[in-house]
Amino acid sequence: MAKTGDRAPARSTSHGFGRLLVAVYGLFALAATARSAVQIATKFQVAPLAYLLSAFAAVVYIVATVSLARGDAASRRVATVAISIELVGVITVGASSELFSKAFPDATVWTGFGSGYGFVPLVLPFVGLWWLRHTR
Amino acid sequence: MTGPYATAITVVALALAAWAFGLVLANRPLGRPILAGGAVLEALLIGFLIGGIAQLAGSHRHFARAEFVLYLLACVAIPPAAAAWGWGERNRAGTAVLAAAFLIMPVMVIRVQQVWAGVG
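Quick caveat: nothing in here was measured; it's all calculated off a predicted structure.

**Q** Honestly, the overall build of chain B in this entry has me stumped. Any pointers?
**A** For chain B, the helix and strand inventory stands at 4 helices and 0 strands. Listed N to C, the secondary structure of chain B is α-α-α-α in terms of helices and strands. Scaling as 2.2 N^0.38, a compact globule of 120 residues should have a C-alpha radius of gyration of about 14 Å, and chain B matches this with 15 Å. C-alpha atoms of chain B, sized along the principal axes, occupy 50 × 25 × 20 Å.

Okay, structure coming up:
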């Protein structure tokens, strides 16, 4: 792969490794959307905070997936914001679910730093932000 | 939901994943043979969906039924979606997308079985 010089145009975020990254983000968008839809539709009263956080995570993943797949300058900014929110979210929710477990009677995608998903939700935002820098 | 059919899906998916990762290492784009292999897996997954819904209809146990059907639908949706997205880049990156899709299929099958058993 060619090295990018200082004046080289930004490389697309959806090619090469980015193609796989978009696929993984897409998978989490699907997982979080399906999970929150089921939770909110069938048992919202059980853990409203957890389920709203699942829905919020779903939106973040959808925005990150679409903006990484598009990869133009505006999408790149949107992706940076979305993935930064994702990073803050997974760490905040991960820590809160450990510290205040009573507030989270049921799990979200980000509970326990994404332990229910092999900690991929914790690693993903770091990889996403690295990739945005790398393709700049 | 458990038993030989689910095991067959897992074995086929892992074999396809190994094959696809081999193609990634060999720097090869997606081609017809691996897509044909994916079609075999897809046929098995459609059977899994139909069988799963039939078993669901015949069961009076209490478990997360909506979640169960969604997981089965996701199993069926993921390989074609990965093939389509991977097809958009005709080099090893596209192949890697399909390889990853094959690799998560055993996890999806386990999740389907867990929901069926009422674990979570």
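Okay, back to it.
**Q** Even after reading the chapter, I still don't get helix α2 (residues 32-57) of chain B, so can you show me in this structure?
**A** Three or four residues apart is the spacing at which side chains of an α-helix point the same way, because the helix has 3.6 residues per turn. Residues and elements named next belong to chain B. With 26 residues, α2 extends 37 Å from end C-alpha to end C-alpha; this agrees with the ideal 38 Å at 1.5 Å per step. Taken residue by residue, α2 has I34, G38, L41, L45, F48 and G52 as its buried positions. Against α1 (4-25), α3 (65-87) and α4 (92-117) lie the buried residues of α2.

**Q** Can you walk me through the environment of A107 of chain A in this structure?
**A** Residues and elements named next belong to chain A. As for its placement among the helices and strands, A107 is situated in the loop between α3 (73-99) and α4 (120-134). On the basis of neighbour counts, which here come to 18 C-beta atoms within 10 Å, the residue A107 falls in the partly exposed class. Linking A107 and A50, residues 57 residues apart in sequence, is a C-alpha distance of 6.4 Å. Sequence-distant contacts of A107, that is, excluding residues within four places in its chain, are made with A50 and G116.

Calculation rules
- Residues numbered from 1 in each chain as written.
- Chains lettered and ligands numbered in written order.
- Predicted model: local features only at pLDDT ≥ 70, side-chain atom pairs only at ≥ 80, totals over all residues.
- Helix = DSSP H or I, 4+ residues; strand = E, 2+ residues; numbered from the N terminus.
- Rg over C-alpha atoms; globule rule 2.2 N^0.38 Å.
- Expected span 1.5 Å × (residues − 1).
- Buried ≥ 20, exposed ≤ 12 C-beta atoms within 10 Å, placed from the backbone.
- Contact = placed C-beta atoms within 7 Å.

In short, geometric facts, not functional conclusions.
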